[in-house]
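The lines below spell out each chain.
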Amino acid sequence: MHPVQKGYRNESYAAALTDGRMVNLIIYKREPEILSRIRCANYVSNFLASAGMPARATADPRILEGKAGEFVKYAALYTYLPGTTIPWEAYTMDHIKQLGAAMSDMHAGLKPLPQKNLPFVIDECRALLKRMEKYFAEDGVHDALAGKLGLAILDTTGLRPALAASVELPAQALHMDFVRGNILFDDEPKVTGILDFEKAAWGPPVFDIARTLAFLLVDCKYKTENKVRKYFLQSGYNKRGKASFEPTPLLEDLLDFFLLHDFYKFLRHNPYETLEANEHFVRTRDCLLNRNIIARTEMLEYA
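Residues numbered from 1 in each chain as written. Predicted model: local features only at pLDDT ≥ 70, side-chain atom pairs only at ≥ 80, totals over all residues. Heavy atoms only, no water.

Caption draft 1: Highlighting the sheet that holds strand 1 (residues 4–5). Spatially, the five strands line up as an open sheet ordered 1-2-3-5-4, and their pairing is antiparallel. If you trace the sheet from one side to the other, it starts and ends with strand 1 and strand 4 (58–68), each paired once. Running over the sheet, helix 1 (residues 34–50) touches strand 4 and strand 5 (71–79) and is turned about 170° from strand 4. (Pairing = 2+ DSSP bridges. Helix = DSSP H or I, 4+ residues; strand = E, 2+ residues; numbered from the N terminus. Contact = heavy atoms within 4.5 Å. Axes fitted to C-alpha atoms, helices over the stretch in contact; angles between N-to-C directions.)

Dropping the structure here:
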């Protein structure tokens, strides 16, 4: 057994078997419905791996259940994939293009996979939006946002029609966490590993694309938004991948949604006084300001 690998949401251990093979032991975090999530993750990732994509696959079909009184955790054994994640400030043009191409190939590969028990991404996003609206409507949150951060949330009701309209779109299996910490690269750079399928869901591919693009707009601190979009969607997803995507207004609505949800998570899990020192928060905030989803209170007063 090797030491725990840093930078992952779950505990990840590389292990060398007596026959020389390497495997990956994942001990999952305790989360609601995690066992169902693990089974869905394995269902999707195994299908992709069987189609030849560098997705993490199970090295053993069993799921380990560890108990200590009422304390329960789950673990599973997976194939070991080469490569490393990259620091958030280290994205190059080639990294972004390869990321887009890998997502495109993934979507093409997942298209024939039956729905089975995958959760519906639209239902999940509706639940998240309801949770955010309830939080932002609280008087204490409104006052704290204005007093400590000088910010106000603008009307978010426009996000509901976007989610409703997306029900009519063709759906398939999605990754929904296709971000820097879950993608391994070699030195070329080329994508050598796709990890962490626990958020796998069923829905239109635009949800997967918007989730990743929202992360890229924050992570790619040395790239303009136009270049990030061009490298990821045009040069990567459409030109180098097997699937295709034509940007629509729905993509912009979903970008608003995912950026706002990231902003909401910052607020929920951090003291407001510390947020200005967090570069990820600042960049997320600035994206939302530019997109007119939030506003500075002094600007509202002036208006």
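On we go from here.
Caption draft 2: Just the packing of aromatic side chains, in detail. Enumeration over the complete set of coordinates arrives at seven aromatic pairs. Relative to Tyr264, the ring of Tyr135 has its centre 5.3 Å away and its plane inclined at 80°; by these criteria the two rings are edge-to-face. Placement of Tyr135 in helix 3 (residues 121–136) and of Tyr264 in helix 8 (residues 249–269) is noted, with a sequence separation of 129 residues between them. Since its relative accessible area comes to 11%, Tyr135 is described here as buried. Residue Tyr264 is classed as buried on the basis of its relative accessible area of 5%. Ring geometry for Tyr237 and Phe245: centres 6.5 Å apart, planes at 75°, overall edge-to-face. (Phe/Tyr/Trp six-rings, centres within 6.5 Å; stacked < 30°, edge-to-face > 60°. Buried < 20%, exposed > 50% of the residue type's maximum accessible area, 1.4 Å probe, protein only.)

Caption draft 3: How the structure looks around helix 1. Taking 1.5 Å as the rise per residue, helix 1 with 17 residues should run 24 Å; its terminal C-alpha atoms sit 24 Å apart, in good agreement. Each element contacted by the buried residues of helix 1 is listed here: strand 4, strand 5 and helix 2 (93–110). Phi turns positive one or two residues past the end of helix 1, at Gly52, with a value near 95°. (Expected span 1.5 Å × (residues − 1).)

Caption draft 4: The arrangement of the nonpolar core in detail. By size, the foremost hydrophobic cluster in this structure holds 82 residues, and its most contacted members are Phe136, Phe207, Phe263 and Leu267. Per-element tally for this core: the top contributor is helix 8, with 12 residues. The contacts of Phe263, once residues within four sequence positions are left out, are Phe136, Leu145, Leu151, Ile153, Phe281, Thr284, Arg285, Leu288 and Ile294. Formed by seven residues, the second largest nonpolar core is a distinct cluster that contains Ile34, Ile38, Tyr74 and Ala76. (Core = buried A, V, L, I, M, F, W, Y, C linked by side-chain atoms within 4.5 Å.)

Caption draft 5: Region of the structure containing unusual backbone geometry. Note that the residue after Glu188, namely Pro189, is joined by a cis bond; omega there is 0°. Non-glycine residue Lys116 carries a positive phi angle of around 55°. Among the structural elements, Lys116 can be located in the loop between helix 2 and helix 3. Even without glycine at this site, Asp196 takes up a positive phi of about 50°. Following the sequence through the fold, Asp196 ends up in the loop between strand 9 (191–194) and strand 10 (201–203).

Caption draft 6: How the structure looks around helix 8. Given a rise of 1.5 Å per residue, 21 residues ought to cover 30 Å, and the 31 Å separating the end C-alpha atoms of helix 8 matches this to within 8%. In terms of burial, helix 8 is largely enclosed, as 15 of its 21 residues are buried.

Caption draft 7: Examining the pattern of salt bridges more closely. In the structure shown here, the tally under the stated rule is 23 salt bridges. We note a salt bridge from Glu252 to Arg229, for which the minimum N-O separation is 2.9 Å. One end of the pair, Glu252, is in helix 8; the other, Arg229, is in helix 7 (residues 225–238), and 23 residues separate them in sequence. Among the residues examined, Glu252 registers a relative accessible area of 26% and is labelled partly exposed. Within the structure, one salt-bridge network assembled from shared partners comprises Arg9, Glu31, Arg56, Asp196 and Glu198. (Salt bridge = Lys/Arg side-chain N within 4 Å of Asp/Glu carboxyl O.)

Caption draft 8: View of the state of the cysteines. Here the structure, examined in full by the defined rule, presents zero disulfides. As a non-bridged cysteine, Cys220 has Cys287 as the owner of its nearest cysteine sulfur, 11 Å distant. (Disulfide = S-S within 2.5 Å.)

Caption draft 9: Representation of the pairing of strand 5 within the structure. Of the pairings in the sheet, the one linking strand 3 (residues 22–27) to strand 5 comprises five bridges and is antiparallel in character. Each residue of the ladder has a partner; that of Leu25, found in strand 5, is Leu77. Pairing of strand 4 with strand 5, which is carried by seven bridges, proceeds in the antiparallel orientation. Its bridge partner lying in strand 5, Leu64 is registered against Ala75. The turn joining strand 4 and strand 5, which pair antiparallel and follow one another in sequence, is formed by two residues; a positive phi near 65° is taken by Gly69.

Caption draft 10: Region of the structure containing a positive patch on the surface. On the surface, Lys227, Lys230, Lys239 and Arg240 cluster together to form a positively charged patch. Tracing the chain through its elements places Arg240 in the loop between helix 7 and helix 8. (Patch = residues over 30% accessible without salt bridge, like charges linked within 9 Å, V, L, I, M, F, W, Y side chains within 5 Å. Areas by Shrake-Rupley, 256 points an atom, 1.4 Å probe, with all protein chains shown as cover. Lys, Arg positive; Asp, Glu negative; His and termini not counted. Charge placed at Lys NZ, Arg CZ, Asp CG, Glu CD.)

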